[in-house]
Amino acid sequence: MMNKAKLMILEKVKNYEFLLGETFTNAEKRIADDYIVNLPVEMYKSYEAYNSSSLNLKKAANINQLNKSVTLYYQPVMNKEFDFVINPIVSEPVIQIQYEVKIAITREKKQTSKTDKEFILVTPNGDLKTLNMNTVKQNH
């Protein structure tokens, strides 16, 4: 299970690198993993049907309260929230083990220069002229 999770993480990181057009090789990474074990006894839920009344018209409209019984049912962990599931078919109560891996990647912030701004001057004639601030600063 751990080896399959490791391969899946590597695949996901490669996909994110491809989507973002960058590499995470030198990025700071933090990883945390944990096991969660669900025993069958913990997975039983109770269900109580609604209470209803029965009207008996033969005995001068007496109302008899009918109580429904409480039923227990087995609710396994659903497999739709996971990247992969080993032995996904659960036909009887079983011990279910979850392996959770969280990875955090801190991408390097790209340094932007404050001189990368572009200034456009609108002349009295309505013409647009781009000003190069580097040459303006050097002249002053």
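Throughout, residues of each chain are indexed from 1 in the direction in which the sequence is written. Since the coordinates come from a predicted model, pLDDT governs what is reported: local features require at least 70, and pairs of side-chain atoms require 80 or more to be given and counted, while whole-chain, interface and lining totals use all residues. Side-chain metrics in this entry use all non-hydrogen atoms of the structure; hydrogen atoms and water are not considered.

Asks: Could you give an account of the environment of Glu100, with specific residues and numbers?
Replies: In this structure, Glu100 sits in strand β6 (residues 96–106). Sequence spacing of Glu100 and Ala32 is 68 residues, and the spatial spacing of their C-alpha atoms is 8.2 Å. The contact definition used throughout considers only heavy atoms, calling two residues in contact when any of these lie within 4.5 Å. The residues contacting Glu100, other than those within four sequence positions of it, are Ala32, Asp33 and Asp34. Each helix corresponds to a stretch of at least 4 residues labelled H or I by DSSP, and each strand to a stretch of at least 2 residues labelled E; elements are numbered beginning at the N terminus.

Asks: Outline a nonpolar patch on the surface, supporting the account with residue identities and numerical values.
Replies: Taken together, the side chains of Met1, Met2, Tyr35, Val37, Leu39, Val41, Ile86, Ile95 and Ile97 define a hydrophobic patch exposed on the protein surface, amounting to about 840 Å² of accessible area. Along the chain, the position of Val41 falls in the loop between β1 (28–38) and β2 (44–48). Under the relative-accessibility criterion, Val41 is labelled exposed at 67%. A patch consists of residues whose relative accessible area exceeds 30% and which take part in no salt bridge; residues with like charges are grouped when within 9 Å of each other, and nonpolar side chains (Val, Leu, Ile, Met, Phe, Trp, Tyr) when within 5 Å. Residue burial considers only the protein chains on display, and all accessible areas are found by Shrake-Rupley using a 1.4 Å probe. Just to be clear on terms, a salt bridge is a Lys or Arg side-chain nitrogen sitting within 4 Å of an Asp or Glu carboxyl oxygen. The cut-offs for exposure are 20% and 50% of the maximum accessible area for each residue type, with area from a 1.4 Å probe on protein chains only; residues under the lower value are buried, those over the upper are exposed, and the others partly exposed.

Asks: Break down the pattern of salt bridges for me, citing the residues and quoting the values.
Replies: For the coordinates displayed, the defined rule picks out three salt bridges. Measuring nitrogen to oxygen at the nearest pair gives 3.0 Å for the salt bridge that ties Lys12 to Asp83. With Lys12 in helix α1 (residues 2–20) and Asp83 in the loop between β5 (70–74) and β6, the pair connects residues that are 71 residues apart, well separated along the chain. Here Arg107 and Glu22 are joined by a salt bridge, their closest N and O atoms 3.3 Å apart. Of this pair, Arg107 sits in the loop between β6 and β7 (119–122) while Glu22 sits in the loop between α1 and β1, and the two are 85 residues apart along the sequence. Overall, Glu22 belongs to the partly exposed group, its relative accessible area being 23%.

Asks: Give me the lowdown on the environment of Pro76, citing residues and values where you can.
Replies: Position of Pro76 among the secondary structure elements: in the loop between β5 and β6. Residues Pro76 and Glu42, 34 residues apart in the sequence, show an inter-C-alpha distance of 9.5 Å. Aside from chain neighbours lying at most four places away, what touches Pro76 is Met43, Val90 and Gln96.

Asks: Go over α1, please, and point to the residues and values.
Replies: Any helix carries an expected span of 1.5 Å times its number of residues minus one. A rise of 1.5 Å per residue sets the reference length of α1, with its 19 residues, at 27 Å; its end C-alpha atoms lie 27 Å apart and thus fit the reference within 8%. Restricting attention to buried positions, one finds in α1 the residues Ala5, Ile9, Val13 and Glu17. For α1, the buried positions fall inside an angular range of 115° around the axis, keeping them on one side. Exposed residues pointing more than 90 degrees away from the buried face of α1 are listed as Asn3, Leu7, Glu11, Lys14, Phe18 and Leu19. Looking at the buried positions of α1, the neighbouring elements they touch are β1 and β6. An arc is given here, and it is the one of the directions from the helix axis to the C-beta atoms.

Asks: Residue-level account of unusual backbone geometry, with values.
Replies: Outside of glycine, negative phi angles account for most residues, and trans bonds account for most peptide bonds. Despite not being glycine, Asn87 has its phi angle at roughly 55°, a positive value. The topology assignment puts Asn87 in the loop between β5 and β6.

In short, the description is geometric, and any link to function would need to be established separately.
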